[in-house]
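Spelled out from the first residue to the last, the chains are:
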Amino acid sequence: MSKIEDAIKSLNKKFKSEVIGGKDINSFKGRGEIPWESPALTWLFRGGLRTQTLGEIYGKYSSGKTTLCYSILGQAQKYFKARYHNELEELQSKEKLNGTEKTRLAELLDMGEPRYVYLDSENSADVKWLAKNRADPDDVIFIKPQQESAEELLQALIDLIETNSVRLVIIDSLATLVSSAAMEKSIEQRTYAGISGCLTVFVNKLMPMLSKYDCTVVCINQERDVLKSMVPGQKNTPGGRAVKFNAHYRMALRKGRCLDEKYNEIPNNTETMFGQTTEVQVTKNKLTAYDRKLAKISITFENGVDKYNDVFLMSVSLGIMNQAGAWYSMLDDAGEPITDDEGNLMKWQGKPNVMAYLKSHEDFTQSLITKIEELTK
């Protein structure tokens, strides 16, 4: 054994794990993926949201930041719960377990079902809107600050993650956290640095914990004007640079056009609306190839993040569904419309008829989502 190999062995023994020279590299490709509800986001990231990552979602008010995080939470609950029970059942069904399998089974039973933490520093979490986005509020650990400082709240998140039971943490939002220094001063006294100092310490502690404890963290942030900028209208996000530099991805959300009941775009000054579109711009991406930067998702008051409109738009744009004027159809190899299991011709006049069919035929909608996923890799 060479000197370098002796040193590596000695150091790994000291660290009590294979920190140096390990062959089993925990790359992003080997991590799980939480499915997006909107196929537009699936296209944007060439798949689901990678687990064991730190992400930042920011933008102006009413741009859909919280709604998107509610959707992520709902999808994460389904994903991690299914994964947990599948692994548990597989181990329990074996007649004889080796040492590693016995340790893993004991670990799963000790952890229990996956848990999810929502730091509601804005004190504005909406249980009904969570449910609209297919998230189960009863399965979420809410942290609702009273007079706790940013340092106390972020340390609480570290403590919860270290239990190895938390699979997803959502911080809503970084901009409303208040440092202990600011807590101790009156309003007229100025405090410098804000929460950037404690966020730097928090993020530095958090990054190695993401893979160690299989935890995914999503931060919501706001946009603020840069007052001393020489460039008019320049925006920035509060909280310093630690999250920006360490985040695996960052998404900037912009409110788009309003939608009516037929999913048609209408002027934003309309008195009533059925929903809205939200533009999602990827401003940082360490998860996949950085060649796709902009997509549009739909949010409605009926479904939250509305997959149906996005499935329709993506199916047409990718050529899965044929469009000829106002007619839409599913064609066979000969270019003729096909029929569904009920004998109905899969040809519709106008978008509203397509949308009605998608909502009443969930299996067909899911088949389109699968085809979109295959084409977006």
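Everything that follows concerns the structure shown earlier in this document.
What comes next is a walk through the structure. (Residues numbered from 1 in each chain as written. Predicted model: local features only at pLDDT ≥ 70, side-chain atom pairs only at ≥ 80, totals over all residues. Heavy atoms only, no water.)

1. Describing the sheet that holds strand β16 (residues 327–329)
At step 1: What the three strands build is an open sheet, ordered β15-β16-β17; its pairing is antiparallel. The open sheet has two edge strands, β15 (322–324) and β17 (347–349), and neither has a second partner. In this sheet, adjacent strand axes meet at a mean angle of 20 degrees when their direction is disregarded.
At step 2: Pairing of β15 with β16 involves three bridges; the strand directions are antiparallel. (Pairing = 2+ DSSP bridges. Helix = DSSP H or I, 4+ residues; strand = E, 2+ residues; numbered from the N terminus. Axes fitted to C-alpha atoms, helices over the stretch in contact; angles between N-to-C directions.)

2. Concerning the packing of aromatic side chains
At step 1: Going through the model one piece at a time under the given rule, you end up with eleven aromatic pairs.
At step 2: An angle of 50 degrees between the planes, with centres 5.1 Å apart, marks the rings of Trp348 and Tyr357 as tilted. Taken as a pair, Trp348 and Tyr357 share a single burial class, namely buried.
At step 3: Arranged with centres 6.3 Å apart and planes meeting at 40 degrees, the rings of Trp348 and Phe364 form a pair that is tilted. Of the two residues, Trp348 sits in strand β17 while Phe364 sits in helix α12 (residues 362–376), which places them 16 residues apart along the sequence. There is no split in this pair, since Trp348 and Phe364 are both buried.
At step 4: One aromatic cluster is present, built from ring pairs that chain together Trp36, Phe45 and Tyr249.
At step 5: A cation over a ring is seen here: Lys347 above Trp327, with NZ or CZ 5.2 Å from the ring centre. (Phe/Tyr/Trp six-rings, centres within 6.5 Å; stacked < 30°, edge-to-face > 60°. Buried < 20%, exposed > 50% of the residue type's maximum accessible area, 1.4 Å probe, protein only. Lys NZ or Arg CZ within 6 Å of the ring centre and 35° of its normal.)

3. A short note on a nonpolar patch on the surface
At step 1: Side chains of Leu11, Phe15 and Val19 sit close together on the surface and give an oily, nonpolar patch of about 250 Å² of accessible area.
At step 2: With respect to the helices and strands, the residue Leu11 is situated in helix α1 (residues 3–15). (Patch = residues over 30% accessible without salt bridge, like charges linked within 9 Å, V, L, I, M, F, W, Y side chains within 5 Å. Areas by Shrake-Rupley, 256 points an atom, 1.4 Å probe, with all protein chains shown as cover. Salt bridge = Lys/Arg side-chain N within 4 Å of Asp/Glu carboxyl O.)

4. Digging into the pairing of strand β4 (residues 115–120)
At step 1: With five of six residues buried, β4 is to be regarded as a mostly interior element.
At step 2: In this structure, β4 lies alongside strand β5 (residues 140–143), joined through four bridges in parallel fashion. Note on β5: the bridge partner recorded for Tyr118 is Phe142.

5. Here we look at the nonpolar core
At step 1: Core analysis: the largest hydrophobic core is formed by 55 residues, its most contacted members being Leu68, Leu73, Met251 and Trp348.
At step 2: Here this core gets seven residues from one element, more than from any other, and that element is helix α3 (residues 65–93).
At step 3: Leaving out residues up to four positions away in the same chain, Leu73 has contacts with Tyr116, Tyr118, Leu130, Ala135, Val140, Leu168 and Ile170.
At step 4: Judged by nonpolar contacts, the second largest core, of 29 residues, contains Leu54, Val117, Leu119 and Ile161. (Core = buried A, V, L, I, M, F, W, Y, C linked by side-chain atoms within 4.5 Å. Contact = heavy atoms within 4.5 Å.)

6. Digging into the environment of Lys205
At step 1: Following the sequence through the fold, Lys205 ends up in helix α8 (residues 196–212).
At step 2: Sequence separation between Lys205 and Lys235 is 30 residues, and the spatial gap between their C-alpha atoms is 28 Å.
At step 3: Filtering out sequence-adjacent residues up to four positions away, Lys205 remains in contact with Gln155 and Ile158.

Worth remembering: the numbers are spatial, not functional.
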